[in-house]
Amino acid sequence: MIFTPEKGMFMENRICKSAKKCGGCQYQGVPYEEQLKKKQKQVEKLLGKFCKVSPIIGMKDPYHYRNKVHSAFGRDRKGNIISGTYEASTHNIIPVEDCLIEDEKCQEIIRTIRCMLKSFKIKTYDEDTGYGLLRHVMVRRGFQSGEIMVILVLGSPILPSKNNFVKALRQAHPEITTVVLNVNDKRTSMVLGEREIVIYGPGFIRDRLCGCTFRISPKSFYQVNPVQTEILYNIAMKYAGLTGKETVIDAYCGIGTISLIAARNAGRVIGVELNKDAVRDARINARENQIRNVEFRQGDAGEFMLAMANGGQHADVVFMDPPRAGSDEKFLSSLIRLAPSRIVYISCGPESLARDLKYLTKHGYAVKKIQPTELFAFTEHVECVCLLQKDNCKIFER
Ligand code: SAH
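Bear in mind the structure is a predicted one, so any value in this text is a computation, not a measurement.

What follows covers the pairing of strand E7 (residues 148–154). One face of the sheet, then the other: side chains in a regular strand alternate in exactly this way. For E7, a buried count of seven out of seven residues is recorded, marking the element as mostly surrounded by other parts of the structure. The alternating pattern of E7 places Ile-148, Val-150, Leu-152 and Leu-154 and Met-149, Ile-151 and Val-153 on opposite faces, both of which are buried. With seven bridges joining them, strand E6 (residues 134–141) and E7 adopt antiparallel strand pairing. Counted as the bridge partner of Arg-141 is Ile-148 from E7. Connecting E6 to the next strand, E7, in antiparallel fashion are six residues, including Gly-146 with a positive phi near 75°. Regarding topology, helix H4 (residues 162–172) serves as the crossover connection from E7 to the parallel strand E8 (residues 176–183), and that connection is right-handed.

And the structure:
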């Protein structure tokens, strides 16, 4: 039994059978309390020079939190169908059963699909020869809605007996609400291809976060840990300190989660996002939640910020939530010119965050708060929310 620091609850320390080979969880075998301490230390080392780092917010239950589960399909040396994860730096599939961080229902569905392949005469794809059909299965589950999306990634667009396949799959798992074929005929390490064919249901799932409903398409980003995401977004909102009048930019906005939550307390919100499907989701999400003071632009966030700065536009608050690699010079230099009084930087990469904070603090901003938040238990990844303010502004406290 181990002790989690923030809630004072006890928790068993479960052992993963695939940990050594899988490599997905760098902290398997490390007691949860210890993992949190390591992450705290890591963030303090990288970011402590900017501002005092608040204690990390851990999870009450660090198991089975991932609402998106991906499995690569193939055959072992004996020709048996296997599914699992790629061994680090290779394309060898390591069979994974009972992953401790993935949603259990999603894993169950993947097992069912694996068992169905033989009777439906569906061959797994062979990366060396390009022969075969099924490459990957991805399952996403709406944590609050319970809606489930199954994505079958195929090397070619035809799934034999697709109606019967869906029928049999739904017989075993009636909670599946949509099934999508994704066609990936390229010799690539990217999981998803461009083309999608919906073979059952609407082609997306919905989920609820912070009182808004969000539709999520197969290729759209959505945080994998819904319980902690609400905590993360609430901190981001607190840091933004919106009063109802502000002009807000939500850069790297995905399906518009932060935009819509912020819009309830802002004058106007503009979200910008590169992924076309995510922008379509974001626009529909605004409509479905009856939020009218928000608009979405599709394109590179840096280009958008540059155009805003060149056009002499103004923003009071900028949320930015870039991918792990962080932001870029074009974005950051335009951000400085736009000169919002507050920047709320959400980051899943403390190294790139440190680099970007260095730039922003050199150009007139001060880091006021840093809050590490656990989104990825058992892995070494750590999420942080930071509040930056213009040096001459007084800190907004709530
Ligand atoms: N804020 C959202 C999404 C964060 S993930 C949420 O909390 O759900 C980062 C997002 O940045 C992804 O949706 C990705 O598609 C998008 N992205 C990546 N590069 C980008 C770029 N150059 N310009 C705009 N968006 C980008």
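What follows picks up the thread again.
Another point: the sheet that holds E8. The sheet built from seven strands is open, its strands ordered E5-E4-E3-E6-E7-E8-E9 with mixed pairing. Looking at the sheet topology across the chains shown, the edges are occupied by strand E5 (93–95) and strand E9 (195–200). The average angle at which neighbouring strand axes cross in this sheet is 35°, direction not considered. Where strand E3 (residues 68–75) lies against strand E4 (residues 81–86), four bridges are found, and the strand directions are antiparallel. Pairing of Gly-74 across the sheet is with Ile-82, part of E4. Against the sheet, H4 engages E7, E8 and E9, with an angle of about 60° to E9.

This part is about the site of the ligand. Close to the ligand lie 15 residues, the nearest being Tyr-233, Glu-273, Asp-300, Ala-301 and Asp-321. In this structure, Ala-301 approaches the ligand through a main-chain N or O atom, which is 2.8 Å from a nitrogen atom. One of the side-chain N or O atoms of Asp-321 is found 2.9 Å from a nitrogen atom in the ligand. Out of a free accessible area of 570 Å², the ligand has 87% covered by protein chains. Looking at the shell around the ligand residue by residue, the classes come out as eight nonpolar, four polar and three charged.

Glancing now at the sheet that holds strand E14 (residues 294–298). Strand order in the open sheet formed by seven strands is E14-E13-E12-E15-E16-E18-E17, and the pairing between neighbours is mixed. Looking at which strands have only one partner, the edges of the open sheet turn out to be E14 and strand E17 (365–373). Ignoring strand direction, the axes of neighbouring strands in this sheet form an average angle of 15°. Where strand E12 (residues 247–251) meets strand E13 (residues 268–273), five bridges bridge the pair, whose relative direction is parallel. If you follow Val-248 over to E13, its bridge partner there is Val-269.

To continue, consider empty space enclosed by the protein. As enumerated under the stated definition, the model contains one cavity of 30 Å³ or more in all. Lining the largest cavity, in full, are Asn-67, Arg-140, Arg-141, Gly-142, Ile-205, Ile-216 and Tyr-222. Residue composition of the lining of the largest cavity, grouped by class: three nonpolar, two polar and two charged.

Moving on, we get to helix H10 (residues 350–362). In this model, H10 (13 residues) spans 18 Å end to end at C-alpha, consistent with the 18 Å of a helix rising 1.5 Å per residue. Of all the positions in H10, only Pro-350, Ser-352, Leu-353, Ala-354, Asp-356, Leu-357, Tyr-359 and Leu-360 are classed as buried. Tucked into the core, H10 has its buried residues touching helix H2 (32–47), helix H9 (329–338), strand E16 (342–347), E17 and strand E18 (383–390). Where H10 terminates, the next one or two residues include Gly-364, which has phi positive at roughly 100°.

Each value, and the rule that gives it
Residues numbered from 1 in each chain as written. Predicted model: local features only at pLDDT ≥ 70, side-chain atom pairs only at ≥ 80, totals over all residues. Heavy atoms only, no water. Buried < 20%, exposed > 50% of the residue type's maximum accessible area, 1.4 Å probe, protein only. Helix = DSSP H or I, 4+ residues; strand = E, 2+ residues; numbered from the N terminus. Pairing = 2+ DSSP bridges. Right-handed = clockwise from strand over helix to strand, strands pointing away. Axes fitted to C-alpha atoms, helices over the stretch in contact; angles between N-to-C directions. Contact = heavy atoms within 4.5 Å. Near = heavy atom within 4 Å. Polar contact = N/O pair within 3.5 Å; in protein donor to acceptor, adjacent residues only side chain to side chain. Areas by Shrake-Rupley, 256 points an atom, 1.4 Å probe, with all protein chains shown as cover. Nonpolar A, V, L, I, M, F, W, Y, C, P; charged D, E, K, R; others polar. 1 Å grid on protein atoms, 1.4 Å probe; cavity = no way out; pocket = protein on both sides within 12 Å on 5 of 7 lines; lining within 4 Å. Points joined across faces, edges and corners; volume = space filled by probe spheres on them. Expected span 1.5 Å × (residues − 1).

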